[in-house]
Amino acid sequence: MAPVDGPAPGPCPGPAPRPAPEIVLLQCLPKGPKMDSIVRQATEAGVSRIVPLLSEHTLLRPGEEGQRLGRWQRIAREAMQQSGSPRPPVIEEPRALPSIRDGTWGTGIFFHEVPLGGSSLHALLAGWDGGRVSLLVGPEGGLAPSEVAILRAAGLLPARLGATVLRVDTDAV
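Computed from a prediction, not measured in an experiment: that's the story for all the values here.

Undergrad: Would you explain the overall build of the chain in this entry?
TA: A tally of helices and strands in the chain yields five helices and eight strands. The secondary structure elements of the chain, listed N-terminal to C-terminal, are β-α-β-α-β-β-β-β-α-β-α-β-α. Burial status across the chain gives 40% buried among its 173 residues. A sequence separation of at least 24 residues applies to 84% of the contacts in the chain between residues at least 6 apart.

Undergrad: How do you make sense of the pairing of strand 1 (residues 23–28) when you look at a structure like this?
TA: On a regular strand, each side chain points to the face opposite its neighbour's, so the side chains alternate between the two faces of the sheet. A large share of strand 1 lies buried, amounting to five of its six residues. The pairing of strand 1 with strand 7 (residues 133–137) spans five bridges and is classified as parallel. Looking at strand 7, one finds that Leu26 is bridged to Leu136. Sheet topology note: the strand 1/strand 2 (residues 49–54) ladder contains five bridges and is parallel. Residue Cys28 lies in a different strand from strand 2, and its bridge partner there is Leu53. This β-α-β element, strand 1 to helix 1 (residues 34–45) to strand 2, shows right-handed connectivity.

Undergrad: What is the right way to read the pairing of strand 5 (residues 107–111) from this model?
TA: For strand 5, a buried count of five out of five residues is recorded, marking the element as mostly surrounded by other parts of the structure. Side-chain alternation along strand 5 places Thr107, Ile109 and Phe111 on one buried face and Gly108 and Phe110 on a second face that is also buried. Looking at chain direction, strand 5 and strand 8 (residues 157–160) are connected through three bridges and run parallel. Across the sheet, Phe110 pairs through a bridge with Pro158, a residue of strand 8.

Undergrad: Can you walk me through helix 1 in this structure?
TA: Two residues of an α-helix separated by three or four positions point the same way, owing to the 3.6 residues in each turn. Along its 12 residues, helix 1 runs 17 Å from first to last C-alpha, staying within 8% of the 16 Å computed at 1.5 Å per residue. Once helix 1 ends, the next one or two residues include Gly46, with phi positive near 95°.

Rules behind the numbers
Within every chain, residues take consecutive numbers counted from 1 along the sequence as written. Given that the model is predicted, a residue must reach a pLDDT of at least 70 before its local features are reported, and side-chain atom pairs must reach 80 or more before they are shown or counted; all residues, however, enter totals for whole chains, interfaces and linings. Each side-chain value is worked out from all heavy atoms of the structure, with water and hydrogens disregarded. Secondary structure elements are defined from DSSP: runs of H or I of at least 4 residues count as helices, runs of E of at least 2 residues count as strands, and each element is numbered from the N terminus. A simple rule labels every residue: compare its accessible area, found with a 1.4 Å probe on the protein chains alone, to the largest value its type can have, and call it buried under 20%, exposed over 50%, or partly exposed in between. In what follows, residue pairs with any heavy atoms lying within 4.5 Å of each other are defined as contacts. Any two strands with at least two DSSP bridges between them are considered paired. Handedness rule for crossovers: strands pointing away from the viewer, path from the first strand over the helix to the second running clockwise, crossover right-handed. By definition here, a helix of n residues has an expected span of 1.5 Å times n minus one.

Written out as structure tokens, the structure is:
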């Protein structure tokens with residue numbers, strides 16, 4: 001077929017794409033080495049900040065959380081190099097879940113295995129204002145009722161990712 005005269009077709013006109021959000025992962029620490037995998041995959045996905053949280057159901061040996069930070073930072077650097085991400089996420093020292101009351105989280109969402117009258121993740125993000133999005137993933141065993149109350153008081157909204165209960169490392173990704 002002969003080429004058609006005239007300008008080459010360009011991209012379809014339409015609304016300008018929205019900027020990518022700054023994503024913060026608030027992750028209740030899971031058992032064993034699962035956090036290593038979560039850090040790797042969150043880095044590859046472009047998360048800008050990871051805040052490890054100590055919840056009522058977190059199981060750690062005394063002093064273990066400090067030793068893990070250096071390993072997580074190394075894992076994030078390696079994942080950044082592999083994925084071509086422009087920068088590794090900031091990974092904070094583990095802190096108690098109630099401390100999130102003192103943060104500015106933008107659009108804050110927490111995942112909970114029990115329906116709490118919340119909306120779907122899609123519905124919650126439909127009203128995204130273009131700022132930071134913070135996603136909190138609870139621990140194995142779920143969030144305690146007192147922790148759910150803290151999260152709601154801090155302005156985080158409950159969401160579910162479907163009818164099934166996901167593993168903590170799957171939920172984070």
